[in-house]
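What follows is the residue order along each chain.
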Amino acid sequence: MINVDISNVWGGITLSDLLALEKEVAAAHEQLADGTGAGSEFLGWKNLPTRQSREELERIQNAARRIRENSEVFVIVGIGGSCLGSRAAIELLQGPNRNLGRGRGDPQILFAGNSLSTRHWNELCRLLEGKDFSIAIISKSGTTTEPAIATRALRWVLERRYGTDAARERIYAVTDPCAGALRQMAAQEGWESFTIPADVGGRYSVLSPVGLLPMAVAGIDIQKVLGGAAGAVERYDLRSFENPAWLYAAVRNLLYRKGKAVEVLASFEPGFQRFGAWWQQLFGESEGKDGKGLFPVAVEFTADLHALGQLIQSGQRNLFETMLRFEPSPQKCTIGSGWNNLDGLSYLEGKTLDYVDEKAFLGTVAAHVDGGVPVITMECGQINEETVGELFWFLELCCGISAYILGVNPFDQPGVELYKRNMFTLLGKPGYVE
Ligand code: PA5
């Protein structure tokens, strides 16, 4: 079970604050469980760990096998909730440099359709030169501009390289069961397609084919990921402050009410960076509305202690930290002997890197608490497939409860539409004239 430790938040809130919130937390959890809260038509994510049919899972695994056999590179085309989750899982489990040295049999995984940058596109074209590749177009709505432009371009590259029929075998679509242009295109072109259930929104879709297909292509055991998430469904149904989801959701709301409007999520694992980006989107897009919401910022320690540490330690006191910890790697690294101790490190000789990391963590918590920063600690266990599944589901649950406590709909994103409307008007898209 994920352990949420709140022993370092008492400078910011009190036990009676926490106990006074109990009824609100219980009501928020109830709303999620019973489907009586705002946006309840998008609660399908709760059942994703158990609802994938055996046939759909087999189809995902078969497609992944084919892609691994015939591709040196697999390109995931998608933006926001359609790509952040798979990237989070792949990098946490396989490291940020997982692509180096990979190719046919275990393809590199690249991402496209998540920007409008010409430089990014040109770089992708260079990386695909002379390489066999396949693509998955992932879009719930099937109409998002960035992935739609990338799809057009990549399809053209594929058709030129393999011919129309063979290109068709290298394109996979993951989209809504019925609605949207991508569903229509997949049917018309005969692309193999997978379904994002209609009642699952983008940022809650990582445990659907949106995340599962890319993870399977990366060689991740998706049954184990789903197993970890399925265990979480039961484990975190507890209706009391013994539930770590309650503690996390409650404490972040209390701190927010006390003026801590920024939540810094810090992990000590470089492989967690993309997971941090997924968390940022999950909480940012779910809670940031109606003039409310914590600003979520994901950082990587110790690297960011040398970049943002100063601000966290003694800048504006409007933030709190959630520090995420994993168990040390089973493979140990020991600090060796040095050259006449010129580097002054001999006192660490024979100690493991984990030992130093642990002290850095404890030292950082103590310093930040001293500096007036409440710190929540989240201990997540070993980094493995089950933990990844558990963490995804746990954080989605926390987000739902937290948003209901905040009094907002966790499952819509009306604010995202405005930039699109402006952009379409400026581009002269039919139907968007000023
Ligand atoms: O969470 C969300 O709904 C969004 O972040 C979407 O995932 C994102 O905008 C991409 O949308 P789509 O999958 O429809 O292309």
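Parameters at a glance
Residues numbered from 1 in each chain as written. Predicted model: local features only at pLDDT ≥ 70, side-chain atom pairs only at ≥ 80, totals over all residues. Heavy atoms only, no water. Domains from an automatic or database assignment. Contact = heavy atoms within 4.5 Å. Buried area = accessible area lost by both parts, 1.4 Å probe. Salt bridge = Lys/Arg side-chain N within 4 Å of Asp/Glu carboxyl O. Polar contact = N/O pair within 3.5 Å; in protein donor to acceptor, adjacent residues only side chain to side chain. Helix = DSSP H or I, 4+ residues; strand = E, 2+ residues; numbered from the N terminus. Nonpolar A, V, L, I, M, F, W, Y, C, P; charged D, E, K, R; others polar. Pairing = 2+ DSSP bridges. Axes fitted to C-alpha atoms, helices over the stretch in contact; angles between N-to-C directions. Near = heavy atom within 4 Å. Areas by Shrake-Rupley, 256 points an atom, 1.4 Å probe, with all protein chains shown as cover. Buried < 20%, exposed > 50% of the residue type's maximum accessible area, 1.4 Å probe, protein only. Parallel < 35°, antiparallel > 145°, perpendicular 65-115°, else oblique. Left-handed = near helix turned anticlockwise from the far one by under 90°. Expected span 1.5 Å × (residues − 1). Arc of directions from axis to C-beta.

Caption draft 1: Expanded view of the domain arrangement of the chain. What the domain assignment lists for the chain is domain 1 (3-36 + 227-406) and domain 2 (44-220). Inter-centroid distance (C-alpha atoms) of domain 1 to domain 2 is 30 Å. The partner domain 2 presents 21 residues to the 28 residues of domain 1 that form the contact. Across the domain 1 to domain 2 interface the summed buried area is about 2,200 Å²; carbon plus sulfur atoms make up 69%. Its largest share of buried area at the contact with domain 2, domain 1 owes to Arg274, Gln281 and Glu396, together 26% of the area lost on that side. Remark: the boundary between domain 1 and domain 2 carries two salt bridges. With a shortest N-O distance of 3.9 Å, Arg274 and Glu91 are connected by a salt bridge. The tally of links from domain 1 across to domain 2 stands at seven residue pairs in polar contact (both at pLDDT 80 or more). Of all elements in the fold, only α2 (22-34), α11 (222-235), α13 (273-287) and α16 (385-406) reach the threshold of two or more residues within the side of domain 1 that touches domain 2. When the residues that make up the side of domain 1 that touches domain 2 are grouped by side-chain class, the tally is 18 nonpolar, five polar and five charged.

Caption draft 2: Quick peek at the sheet that holds strand β7 (residues 262-267). Taken in spatial order, the five strands of this open sheet run β1-β10-β9-β7-β8, and their pairing is mixed. For this open sheet the edge positions go to β1 (3-8) and β8 (295-300), each flanked by a neighbour on one side alone. Strand-to-strand, the axes of this sheet are offset by a mean angle of 20°, without reference to chain direction. Sheet analysis places strand β9 (residues 319-325) next to strand β10 (residues 375-379), joined by five bridges and oriented parallel. The residue of β10 that forms the bridge with Leu324 is Met378. Together, β1, β7, β9 and β10 form the strand contacts of helix α12 (residues 244-257), whose direction differs from that of β1 by roughly 40°. The sheet contacts of helix α15 (residues 353-370) involve β1, β9 and β10, and relative to β9 the element is tilted by about 165°.

Caption draft 3: Spatial organisation of the site of the ligand. Surrounding the ligand, one finds 13 residues, the nearest of these being Ser82, Ser139, Ser141, Thr144 and Gln281. Here Arg203 contributes a backbone N or O atom positioned 2.9 Å from an oxygen atom of the ligand. Between the ligand and Glu285, the relevant distance is 3.0 Å, taken from an oxygen atom to a side-chain nitrogen or oxygen of the residue. Taking 380 Å² as the accessible area of the ligand by itself, protein coverage stands at 88%.

Caption draft 4: The environment of Asn318, seen in detail. Residue placement: Asn318 occurs in the loop between α14 (309-314) and β9. Asn318 sits in the buried class, given a relative accessible area of 19%.

Caption draft 5: The arrangement of the sheet that holds strand β4 (residues 133-139) in detail. The strand order β3-β2-β4-β5-β6 describes an open sheet built from five strands, whose pairing is parallel. Every other strand in the sheet has two partners, leaving β3 (108-112) and β6 (192-195) as the edge strands with one partner each. Put simply, the sheet's adjacent strands are angled 20° from each other on average, direction ignored. Pairing analysis gives five bridges linking strand β2 (residues 73-77) to β3, with the strands arranged parallel.

Caption draft 6: Structural view of the packing of α2 against α12. Direction vectors running N to C along α2 and α12 enclose 125°, while the axes themselves pass 10 Å from each other. When the axis of α2 is compared with that of α12, the two are oblique. Relative to α12, the crossing made by α2 is right-handed. Contact residues: α2 offers Glu22, Glu24, Val25, Ala26 and His29, while α12 offers Trp246, Ala250 and Arg257. Residue classes in the contact of α2 with α12 are distributed as four nonpolar, one polar and three charged.

Caption draft 7: Here's a closer look at α2. If you check α2, its first and last C-alpha atoms are 18 Å apart, about what 13 residues at 1.5 Å a residue would give, namely 18 Å. Residues of α2 that are buried include every one of Val25, Ala28, His29 and Leu32, and no others. Within α2, the buried residues cover an arc of 95° as seen down the axis, which keeps them to one side. Elements in contact with the buried residues of α2: α12 and α16. In the segment just after α2, Gly35 is the residue with positive phi, at about 70°.

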